[in-house]
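Coordinate analysis (summary)
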Amino acid sequence: MKPDCLILRFGELTLKGKNRKRFERSVMTQIRKVLGSFTDLRYIPEFGRVYVELGGAAYEEASAALQRVFGLASFSPAYHAPMEVEAIQEMALRMMQALPKQPATFKVTVRRVNKSFPHDSQRMNYLVGGYVLQASPGLQVDVHNPEVELRVEIREEQVLMYVEVIEGAGGFPSGTSGKALLMLSGGIDSPVAGWLAMRKGLSIEAVHFHSYPYTSERAKDKVIELAHQLSAYTDSLKLHLVPFTDVQTSIHREYQDNLLVTLIRRAMYRIAEQIADREGLSALVTGESLGQVASQTLPSLNVIGRVVTLPLLQPLMMMDKQEIIRIAESIGTFPISILPYEDCCSLFLPPSPSTNPNLRMVEKIENSMDFLPELIEKAVLETETIEIVHGQMKKVSDSHLI
C-alpha cells in the first residue's frame, strides 16, 4: 500500500507560548526546503502538526528527507478513507494485512474531530476493531500493550488512518537558538556534539586544527567529510581550517612535560574564540565528555576553559561512550570518524598527561612563552575557510591575511 498523506508533529515547539508561531514557521520553512523536489505536495497546518498531502510523491524519499529536519518530533504515513463506516473498516483491514509482519495483538484508537459523524469514538473502536478481528484468525485485542495500534482520525471532510509513528530528529528548528562555533576534530565525539547543538536550534560553523606535515591531507579530508555529513541537517556549513603546526611545535619545543596537553588545548581555545568573535558567533561547542581522557577531568576542564570568555557548550559532558557511538551511528558520522587518520590532538602526547593541572603553574609557563600571542594571531589570520552548501563545497578564502 502506498501512503497518500503524512502527519507531521512538532512536539516540544507547542510549549513555546508566544514564540510558538515563530518556531513553527521556522520548522515549516525547513520542511518545505527538504521536500522541495516534490512539486505536488499540499500542506495543511493545524495546532502542533501539519498534514502533507503527497499527491503521488514517493513516500520513502520524503521520509528520508524529513529525518533531517530539527523541530520535527515525529511523523506518520497515513491513508485516506471516505466518511463511511464500511469504507473505514475495509481500509483498516487492508492496512493490517499489508503490515510486513503480522502481529499477534492490536488495538484500535479512534479520534473523532467531526462531531456530526454518527458514531462516537468508543463505538467506532468497537466497529473497526471487531471487523478486523473477525477477518483475522489468530489476532487478539490487547488494549494495554498491543504490538500494533491502528489509529483513526475522523476529520471534518475525510478520515485519516495510520499505524506507524516514526521518530523525527526533534529539538528546535535550525537557527532559532543563535550561532556557535564547533571545535571539530576527526574523532567520534565532536561531530555528535555538533549535531546535538544543531538539534537545540543552534546554527553552527566549525573549526578544525591541522598540523601538516605531522598530520596528513587525508586527516583533513576526513574532517571535511564529517562537515559534509553534518551539513545535511542545515542549509550550509562553514568550516575554518586552522594551520596549527607552528603553534603546536613551538609549545612542544619549549615544554614537554605533563602539562603539554593542557597548554595546547588552551591555545586551541584562544584561536577558536578569536575566529568565533570574527564570525559573529556567540559560543564554542566542544565534544568533551567528563572523565573520558586526561584533558576531560574536572580540574583539566576548569583550567582549559578559563582561557576563554565565550560560553562553552559541551553537550556530551554527562554521556558515556556507548551513548555517543549510538548517536554517531544514527547520524552517519561514525564510519567516517573511525577512519585511521590521526588529527593533531594525538601528536606529542606526554607519557603521563596531568589530570589535575594547576592554573597558576599553567599561566606561568604560558607567560614565559613570549612567542605564543604572535603565533596564535598568525594562525587565525592564515585560517582557510570553506563552505558546504547543499552538499557542494566552495572555498571562501585561503586565509584572512590582508
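So, a few notes on the structure that sits alongside this text. (Residues numbered from 1 in each chain as written. Predicted model: local features only at pLDDT ≥ 70, side-chain atom pairs only at ≥ 80, totals over all residues. Heavy atoms only, no water.)

**As for the overall build of the protein**
- Looking only at helices and strands, one finds 13 helices and 16 strands in the protein.
- Overall size of the protein, expressed as C-alpha extent along the three principal axes, is 85 × 40 × 40 Å.
- Buried positions account for 52% of the 402 residues belonging to the protein.
- Considering only intrachain contacts with a sequence separation of at least 6, the fraction spanning at least 24 residues in the protein is 77%.
- Working note: accessible area of the protein is about 19300 Å², and carbon and sulfur atoms make up 50% of it.
- One finds the centroid of the 42 positive side-chain charges in the protein at a distance of 5 Å from the centroid of its 47 negative side-chain charges. (Helix = DSSP H or I, 4+ residues; strand = E, 2+ residues; numbered from the N terminus. Buried < 20%, exposed > 50% of the residue type's maximum accessible area, 1.4 Å probe, protein only. Contact = heavy atoms within 4.5 Å. Areas by Shrake-Rupley, 256 points an atom, 1.4 Å probe, with all protein chains shown as cover. Lys, Arg positive; Asp, Glu negative; His and termini not counted. Charge placed at Lys NZ, Arg CZ, Asp CG, Glu CD.)

**A word on the pairing of strand β12 (residues 236–243)**
- Judged from the 5 bridges that link them, strand β11 (residues 202–210) and β12 form a sheet pairing that is parallel. Residue pairing across strands places His210 opposite Pro243, the latter belonging to β12.
- Taking the sense of rotation as the criterion, the β-α-β connection linking β11, helix α6 (residues 217–231) and β12 turns out right-handed.
- Alignment of β12 against strand β15 (residues 384–389), held across 6 bridges, turns out to be antiparallel. By the bridge assignment for β15, Leu237 is matched with Ile388. (Pairing = 2+ DSSP bridges. Right-handed = clockwise from strand over helix to strand, strands pointing away.)

**Let's talk about the sheet that holds β11**
- What the 7 strands build is an open sheet, ordered β14-β13-β10-β11-β12-β15-β16; its pairing is mixed. Single-partner strands in this sheet number two, and they are β14 (312–313) and β16 (392–397).

**Describing the packing of aromatic side chains**
- Per the counting criterion, the structure on display carries 5 aromatic pairs.
- Among the aromatic residues, those joined into a ring-pair cluster are Phe70, Trp195 and Tyr233.
- Its guanidinium or amino end placed over the ring of Tyr43, Arg32 lies 4.2 Å from that ring's centre, counting from NZ or CZ.
- Of note, Arg155 hangs over the ring of Tyr51, and the distance from its end group to the ring centre comes to 4.0 Å. (Phe/Tyr/Trp six-rings, centres within 6.5 Å; stacked < 30°, edge-to-face > 60°. Lys NZ or Arg CZ within 6 Å of the ring centre and 35° of its normal.)

**Some details on the environment of Gly175**
- Note on placement: Gly175 falls in the loop between β9 (166–167) and β10 (178–183).
- Classification of Gly175 as partly exposed rests on a relative accessible area of 40%.
- A C-alpha to C-alpha distance of 4.6 Å links Gly175 and Ser203, two positions 28 residues apart in sequence.
- Beyond its immediate stretch of four places on either side in the chain, Gly175 contacts Gly201, Leu202 and Ser203.

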